[in-house]
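Reading the structure
Okay, here's what each chain looks like letter by letter:
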Amino acid sequence: MVSGRVSVIFLCCFLIGDVCGDWSDIEKVEALIRQWAPLVWLSPEEKYMPLNIEEFLENTNIADEQGSILTQSKHSVRFFQYNLKNFFLVPNRPLERLKSNRTSFIYGKNPKIYPKVPIYAVMTYCNSPSYRDTGNNIFGRTDWLPSFHVTYWMFYPFNEGKDACFLGKVPAPLIFSKCLGHYRKLGNHIGDWEHMSLSFSGNSYPDQLFLSVHDAGAYYTYDKPTNIFKFDSKMPRKGVAQVPKFPEFIRLQGGHPVLFAAEGSHGLWSTPGDHEFIRVPKITDKTGYGTPWKTWASIKFYHIGRTEIPPWMSFKGKWGNPKTKCILFKKFGLCEYTEGPRGLLRENQDFYC
Ligand SMILES: *[C@@H]1O[C@H](CO)[C@@H](O)[C@H](O)[C@H]1NC(C)=O
């Protein structure tokens, strides 16, 4: 960490303002991030809306893998950063009771009613903050922009699973669109992080966009003449039997990438409609024009290495429940309750400098 040096730079910026340059960089970067923040269409039938982290932590406890409560999340989440990763955030009231109460935190906040529900923007810079010491060409140039990556993180307190067809205990394909066995809802979990990333290399527009869809994802390249993002490549993750077919384009509206969050699971797609991503059992994401979430209305900015990060960001455990009610094997099987996701500081980046 370079925090000592960074605070000296910040102090200098307070005293001599834009001569120093660092603050004005940060302001420029934040303006770009605001300008390119996505318009997220929540699904017409969506029940589980986004939420701010503070309210989630107020309503959860830290538990171990067996689900035994260790302490409240609110004040202690930061102390779990160095420890084993097998800690979980679980609701401090029974899930069934929360679900039966439409004003409980589990349903999140509708951005139409609460435009302040935040999106979390995490920036990593490719130029180190100390480049100024060697400083040619920086001072006096007002058009200069740093190279950086930004990930827009959306948090939802609950991920509703999908109906999957089973014959007895075995996942089954649909026969002429009919399930000959019975449906079970698989993949519910507390805590749901979804994200989109952009890479900037010194221009006022991004080069690439990464869209995360469940455990897979896709890269799109920005085409300036047509002002759209075009599909570039898939980024499948290991050990995941997913076959998503990504849409060809991501369009812009008012300069904002337009995304669609799938009903219940909140996976991000760039077109409305049905998106199949697992064949057997058939699991499909449904998206459509429900509630528009104008994420630029409330962005929390975190400049890694330049500004402080909040204590909860260091939590290394899972942002939800341990897995329970699994079919076949606990390790590989499909579960009615799957494990909550990891936090947003991850080993694998969407973009590298
Ligand atoms: C429903 O949830 C709200 C918000 O947490 C709470 O204030 C209220 O007491 C709950 N109602 C019931 C009946 O539990």
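All residue numbers refer to positions counted from 1 along the written sequence of the respective chain. It should be noted that, the model being predicted, local features are given only for residues of pLDDT at least 70 and side-chain atom pairs only at 80 or more, the latter also being counted only at that level, while totals for whole chains, interfaces and linings use all residues. As a rule here, side-chain values come from all non-hydrogen atoms in the structure, and water together with hydrogens is ignored.

**Comments concerning the pairing of strand β13 (residues 228–234)**
Our working definition: Paired strands, in this sense, are two strands between which DSSP finds at least two bridges. Helix and strand assignments come from DSSP, with helices taken as H or I runs of at least 4 residues and strands as E runs of at least 2, each series counted from the N terminus.
Of the strand pairs in this sheet, strand β12 (residues 216–223) and β13 are connected by six bridges, and their pairing is antiparallel. Paired with Asp 223 across the strands is Ile 228, a residue of β13. A loop of four residues connects β12 with β13, the two strands running antiparallel in sequence, and Asn 227 in this loop sits at a positive phi of about 60°. For β13 and strand β14 (residues 249–250), the ladder comprises two bridges, and the chain directions are antiparallel. Residue pairing in the sheet places Lys 230 in a bridge with Phe 249 of β14.

**Some words on the state of the cysteines**
Filter applied, for reference: Disulfide: a pair of cysteine sulfur atoms within 2.5 Å of each other. Buried residues are those whose accessible area, probed at 1.4 Å on protein chains only, stays under 20% of the maximum for their type, while exposed residues exceed 50% and partly exposed ones sit between those limits.
Here the structure, examined in full by the defined rule, presents three disulfides. Here Cys 126 pairs with Cys 353 through a disulfide, and the sulfurs are 2.1 Å apart. Sign of the S-S torsion, about -85° for the bond between Cys 126 and Cys 353, identifies this disulfide as left-handed. Taken as a pair, Cys 126 in the loop between β5 (119–125) and α6 (131–134) and Cys 353 in the segment after β23 (335–337) lie far apart in primary sequence, 227 residues in all. A relative accessible area of 31% means that Cys 126 is categorised as partly exposed. With its bonded cysteines labelled in order along the sequence, the protein chain shows the pairing 1-6, 2-3, 4-5.

**Quick word on the pattern of salt bridges**
Note the threshold: Note on definitions: salt bridges are taken to be side-chain nitrogens of Lys or Arg within 4 Å of carboxyl oxygens of Asp or Glu.
Enumeration over the complete set of coordinates arrives at eight salt bridges. For Glu 58, the salt bridge identified is with Lys 74, shortest N-O distance 3.7 Å. Of the two residues, Glu 58 is situated in helix α3 (residues 53–58) and Lys 74 in helix α4 (residues 73–76); the sequence distance between them amounts to 16 residues. A relative accessible area of 45% means that Glu 58 is categorised as partly exposed. Two residues, Lys 318 and Glu 339, come together in a salt bridge whose shortest N-O distance is 2.9 Å. Here Lys 318, found in the loop between β21 (299–303) and β22 (324–326), pairs with Glu 339, found in the segment after β23; they are 21 residues apart in sequence, far enough to count as distant. Assessed through its relative accessible area of 14%, Lys 318 is described here as buried. A residue is classified by how much of its surface remains accessible, and Glu 339, at 29% relative accessible area, is partly exposed.

**Quick notes on the sheet that holds strand β4 (residues 88–91)**
Selection rule: All axes here are fitted lines through C-alpha atoms, helices being fitted over the stretch that makes contact, and every angle between N-to-C directions spans 0 to 180 degrees.
Reading across the sheet, the three strands line up as β3-β2-β4 and stay open at both edges, with antiparallel pairing between neighbours. Sheet topology places β3 (69–72) and β4 at the edges, where each strand pairs with a single neighbour. If you compare each strand with its neighbour and ignore which way they point, the axes differ by 40° on average. In terms of strand pairing, strand β2 (residues 60–63) meets β4 through four bridges, oriented antiparallel.

**So, the layout of surface pockets**
Keep this limit in mind: Whether a set of points on the 1 Å grid over the protein atoms alone is a cavity depends on a 1.4 Å probe fitting there but being unable to get out, while an open set qualifies as a pocket with protein on both sides within 12 Å along at least five of seven lines; lining residues are those with an atom within 4 Å of a point. Grid points are joined across faces, edges and corners, and a volume is the space filled by probe spheres set on the points. Three categories are distinguished: nonpolar for Ala, Val, Leu, Ile, Met, Phe, Trp, Tyr, Cys and Pro, charged for Asp, Glu, Lys and Arg, and polar for the others, with Gly belonging to the last.
There is about 380 Å³ of room inside the second largest pocket. Gly 161, Lys 162, Asp 163, Thr 284 and Lys 286 are, among the 16 residues lining the second largest pocket, the residues nearest its centre. For the lining of the second largest pocket, the elements supplying multiple residues, two or more each, are β7 (162–167), β9 (182–186) and β19 (283–287). Taken together, the residues of the lining of the second largest pocket break down into five nonpolar, three polar and eight charged.

**Considerations on the environment of Tyr 302**
The cut-off we apply is this: Contacts are assigned to residue pairs with any non-hydrogen atoms lying within 4.5 Å of each other.
Secondary-structure assignment places Tyr 302 in strand β21. With relative accessibility at 11%, the residue Tyr 302 sits in the buried group. Each C-alpha atom, one on Tyr 302 and one on Tyr 120, is 7.7 Å from the other, the two residues being 182 residues apart in sequence. Leaving out residues up to four positions away in the same chain, Tyr 302 has contacts with Tyr 120, Ala 121, Val 122, Met 123, Thr 307, Glu 308, Ile 309, Pro 310, Trp 312 and Met 313.

**Describing the packing of aromatic side chains**
Selection criterion: Each pair of aromatic rings taken from Phe, Tyr and Trp, with Trp reduced to its six-membered ring, is defined by centres within 6.5 Å and is described as stacked if the planes are under 30 degrees apart, edge-to-face if over 60, and tilted in the remaining cases. Note on geometry: a ring has a charge over it if NZ (lysine) or CZ (arginine) is within 6 Å of the ring centre and within 35 degrees of the ring normal.
Across all of its chains, the model carries 30 aromatic pairs by this definition. Centre to centre, the rings of Tyr 220 and Phe 231 are 5.7 Å apart; their planes meet at 80°, and the pair counts as edge-to-face. Placement of Tyr 220 in strand β12 and of Phe 231 in strand β13 is noted, with a sequence separation of 11 residues between them. Given the relative accessible area of 0%, Tyr 220 is considered buried. For Phe 231, a relative accessible area of 26% gives the class partly exposed. Between Phe 315 and Trp 319, the aromatic rings sit 5.9 Å apart at their centres with planes inclined by 85°, giving edge-to-face as the arrangement. The same class applies to Phe 315 as to Trp 319, namely buried. Each residue in the set Phe 56, Phe 105, Tyr 120, Trp 153, Phe 155, Trp 193, Tyr 302, Trp 312, Phe 315 and Trp 319 is aromatic and connected to the rest through ring pairs, giving one cluster. The residue whose ring lies beneath Lys 109 is Tyr 114, and the NZ or CZ to ring-centre distance is 4.6 Å. Positioned above the aromatic ring of Phe 166 is the side chain of Arg 184, whose terminal nitrogen or guanidinium carbon lies 5.8 Å from the ring centre.

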